[in-house]
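Commentary on secondary and tertiary structure
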Amino acid sequence: MRFEIAGRIKGVSYAIRDLVVHAEKLEAEGKKITYFNIGDPSLYFDTPDHLKEALVDAVNSGFNGYAPSEGLPELREAICYKEEKVNGVRGLEAEDVIVTAGISEGIQMFLGAIANPGDEILIPGPSYPPYVSFSKFFGANPIMFRCIEEEGWQPDLDDVRKKITDKTKALILVNPNNPCGSVYGPKVVRELISISGEYGIPLVSDEIYDRIVYDKEFTSTASIAKDVPVIGFNGFSKAYLVTGWRVGYMYFYDPEEQLTELRESIEKEARVRICANTPAQKACVAAINGPQNHIPELVSQLKERRNFTYKRLNEISGLSCVKPEGAFYAFPKVETMKWKDDMDFVLRVLSETQLLFVNGSGFDPVYGKDHFRMVFLPDLKVLEEALDKLESFLKKNC
Ligand SMILES: Cc1ncc(COP(=O)(O)O)c(C=O)c1O
């Protein structure tokens with residue numbers, strides 16, 4: 001057969017899952033791998049019963065066909081209620097919400113509607129990889145702005161301003177952040193809003209970890225944006241422990257109706273892909289309207305795991321780690337990089353200790369370099385054993 005793969009695929013990568021190939025090779029040789037690469041809380045915390053029941057009920061009561069492309073009306077309404085009640089975003093109506101197959105699909109749809117070849121997308125460095133991959137897929141250039149490790153991985157606002165050009169099509173923020181675990185306070189969020197307003201650049205705020213914060217209160221961008229429009233991304237995967245259901249959403253906070261054309265373009269894309277999973281959407285209405293007490297419980301257990309991981313990582317000679325304030329990731333620095341690079345480090349750790357982490361340059365080759373990302377979702381015993389093994393590895397090799 002004679003064919004050539006499209007050039008756009010060259011820019012597509014997802015370090016978090018790409019690394020699994022190496023782990024699977026070792027598993028095929030009979031080794032037992034402990035995975036610290038994927039941020040899937042449902043592997044460690046059970047999905048609440050009322051959500052499981054709501055999904056079964058949805059199937060049994062006939063929610064098995066296609067849904068409207070923008071999402072089930074009752075879910076779109078419930079999302080407006082949640083965003084106002086939990087995050088203080090006022091004025092959203094059901095028509096402002098599009099339900100997607102996870103935020104991941106929303107990222108693709110948004111960039112598909114806004115990015116032309118040669119355009120620039122401003123993204124925090126380091127960052128959640130799909131923002132970079134989908135920018136490249138559509139021929140745009142991801143431009144990473146620096147997040148400052150010494151300042152708890154807060155965005156360098158001067159760098160954001162410096163990197164704006166007449167090709168900049170969107171400014172992305174991820175708060176709380178993956179992979180750094182940083183939480184941006186109202187002052188930083190306000191600055192980013194005013195940059196977006198000043199330059200007229202659409203502002204995207206990915207808030208998937210809005211309920212998972214430990215020390216600070218979370219500030220939703222749209223809740224303080226006043227007249228500046230915001231495209232909010234959120235979903236059910238993390239706080240509701242239903243990663244595999246693939247339900248997320250984007251909303252248009254648009255008090256001055258500046259996003260109408262963008263919204264209509266994304267609605268067109270939504271129609272082409274038909275709809276998000278119907279029974280899961282129905283069950284997500286129950287997620288919003290039902291009991292929420294699993295969330296504080298989840299956060300309290302994660303806080304214990306965060307405290308342990310942070311303390312232990314900083315006790316290991318050769319590593320240093322900023323305290324994660326939200327989400328469930330630690331992003332330590334390898335102080336003396338004795339290996340070829342962070343990828344080599346992660347692969348050596350994998351082959352000698354059977355622990356799988358993600359190399360920092362998978363989140364950005366410049367600002368993530370010489371780091372690795374570790375999820376702290378597993379229970380304390382697993383974390384303790386893993387960090388002991390990591391310590392021995394560094395003692396032996398440094
Ligand atoms: C910052 C961020 N956004 C989006 C996602 C994906 O969310 P979803 O499951 O809704 O596609 C993740 C998953 O790890 C994430 O870390």
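Residues numbered from 1 in each chain as written. Predicted model: local features only at pLDDT ≥ 70, side-chain atom pairs only at ≥ 80, totals over all residues. Heavy atoms only, no water.

1. Re the site of the ligand
The criterion, for reference: It suffices for a single heavy atom of a residue to lie within 4 Å of a molecule or strand for the residue to be listed as near it. Whenever a nitrogen or oxygen atom comes within 3.5 Å of another N or O atom, the pair is scored as a polar contact, on the condition that within protein one atom can donate a hydrogen and the other can accept it, and that pairs from neighbouring residues in sequence are kept only if both atoms are in side chains. Here the accessible surface of atoms and residues is derived via Shrake-Rupley with a 1.4 Å probe, and residues count as covered only by protein chains that are part of the display. Secondary structure is summarised from DSSP: a helix means a run of H or I of at least four residues, a strand means a run of E of at least two, and numbering begins at the N terminus for each. Under the scheme applied here, ten amino acids are nonpolar (Ala, Val, Leu, Ile, Met, Phe, Trp, Tyr, Cys and Pro), four are charged (Asp, Glu, Lys and Arg), and all others, including Gly, are polar.
Taken together, the neighbourhood of the ligand is formed by 13 residues, with Ile103, Ser104, Asp206, Tyr209 and Ser237 sitting nearest. Here an oxygen atom of the ligand sits 2.8 Å away from a polar atom, N or O, in the side chain of Lys238. In the complex, 95% of the free accessible area of the ligand, which totals 400 Å², lies under the protein chains. Top contributing element to the shell around the ligand by residue count: helix α5 (residues 102–114), with 3 residues. Tallied by class, the residues present in the shell around the ligand amount to 6 nonpolar, 4 polar and 3 charged.

2. Some details on a nonpolar patch on the surface
Rules: Two joining distances apply to patches: 9 Å for like charges and 5 Å for nonpolar side chains (Val, Leu, Ile, Met, Phe, Trp, Tyr), and every residue must have over 30% relative accessible area and no salt bridge. Between Lys or Arg on one side and Asp or Glu on the other, a salt bridge is scored when a side-chain nitrogen of the former is within 4 Å of a carboxyl oxygen of the latter.
A cluster of nonpolar side chains, contributed by Met1, Phe3, Ile5, Ile9 and Val12, occupies part of the molecular surface with about 620 Å² of accessible area. In this fold, Met1 is placed in the segment before α1 (15–18).

3. Some thoughts on helix α2 (residues 20–28)
Test applied: Partly exposed describes any residue whose relative accessible area lies between the buried limit of under 20% and the exposed limit of over 50%, with all areas from a 1.4 Å probe on protein chains only and scaled to the type maximum. Think of the arc as the fan of directions from the helix axis to the C-beta atoms. What makes two residues a contact is simply this: any of their non-hydrogen atoms within 4.5 Å.
Among the residues of α2, Val20, Ala23 and Leu26 are the ones counted as buried. The buried residues of α2 occupy one face: seen down the axis, they fall within an arc of 120°. Of the exposed residues in α2, the ones pointing more than 90 degrees away from its buried face are Lys25 and Ala28. Contacts from the buried residues of α2 go to α1, β1 (34–35), α12 (342–353) and β13 (355–356).

4. A look at the pairing of strand β8 (residues 230–235)
The line we're drawing: Here, any two strands with at least 2 DSSP bridges between them count as paired.
Counting buried positions over the 6 residues of β8 gives 6, a clear majority of the element. Burial along β8 is two-sided: Val230, Gly232 and Asn234 facing one way and Ile231, Phe233 and Gly235 facing the other are all buried. Both β8 and strand β9 (residues 248–253) contribute to a ladder of 6 bridges, which runs antiparallel. The residue bridging Asn234 from the neighbouring strand is Tyr249, located in β9.

5. A look at the sheet that holds β9
Here is the rule: Between the N-to-C directions of two axes lies an angle of 0 to 180 degrees, each axis being a line fitted to C-alpha atoms and, for a helix, fitted only over the stretch in contact.
The sheet built from 8 strands is open, its strands ordered β2-β9-β8-β7-β6-β3-β4-β5 with mixed pairing. The open sheet terminates on both sides in strands that have one partner only, identified here as β2 (97–100) and β5 (154–155). Pairing of strand β4 (residues 141–148) with β5 involves 2 bridges; the strand directions are antiparallel. From the neighbouring strand, Ile148 faces β5, where its bridge partner is Gln154. Packing against the sheet, α5 makes contact with β2, β3 (120–125), β6 (168–174), β7 (203–206), β8 and β9, and its axis sits at approximately 155° to β8.

6. Concerning the side chain of Arg211
As a reminder, the rule being used: His residues and chain termini do not enter the charge count, which takes Lys and Arg as positive and Asp and Glu as negative.
Mapped onto the secondary structure, Arg211 falls in the loop between β7 and β8. Although Arg211 is buried, it makes no salt bridge; Asp210 carries the closest opposite charge, 5.1 Å away. At 3.2 Å, the side chain of Arg211 and the side chain of Tyr240 are in polar contact. The residues touching Arg211, leaving out its near neighbours within four places in the chain, are Lys82, Val86, Ala239, Tyr240, Gln292, Ile295 and Val299.

7. What about the domain arrangement of the chain?
To keep things clear, this is the line we draw: The split into domains, and so the bounds of each, comes from an automatic or database assignment of domains. Buried area is a sum: the accessible area each of two parts loses on coming together, probed at 1.4 Å, counted once for each and added.
As far as domains go, the chain holds domain 1 (7–46 + 294–397) and domain 2 (64–289). Here domain 1 and domain 2 have C-alpha centroids that lie 26 Å from each other. Taken together, the 38 residues of domain 1 in the interface contact 39 residues of domain 2. Of the roughly 3300 Å² buried at the junction of domain 1 and domain 2 (both faces included), carbon and sulfur atoms supply 61%. Counting the contacts that link domain 1 with domain 2 gives 2 salt bridges. Residue Lys216 pairs with Glu325 through a salt bridge whose shortest N-O separation is 3.5 Å.

8. Examining the pairing of β4
Looking at chain direction, β3 and β4 are connected through 6 bridges and run parallel. Counterpart to Ile121 in the pairing with β4 is Pro142. A loop of 5 residues connects β4 with β5, the two strands running antiparallel in sequence, and Gly152 in this loop sits at a positive phi of about 70°.

9. A look at the sheet that holds strand β15 (residues 372–375)
Pairing between sheet strands relies on hydrogen bonds along the backbone, with the strands arranged either parallel or antiparallel. The 3 strands are arranged β11-β15-β14 in an open sheet whose pairing can be described as antiparallel. For this open sheet the edge positions go to β11 (329–330) and β14 (358–359), each flanked by a neighbour on one side alone. By the bridge criterion, 2 bridges tie β14 to β15 in an arrangement that is antiparallel. Paired with Val358 across the two strands is Arg373, which belongs to β15.

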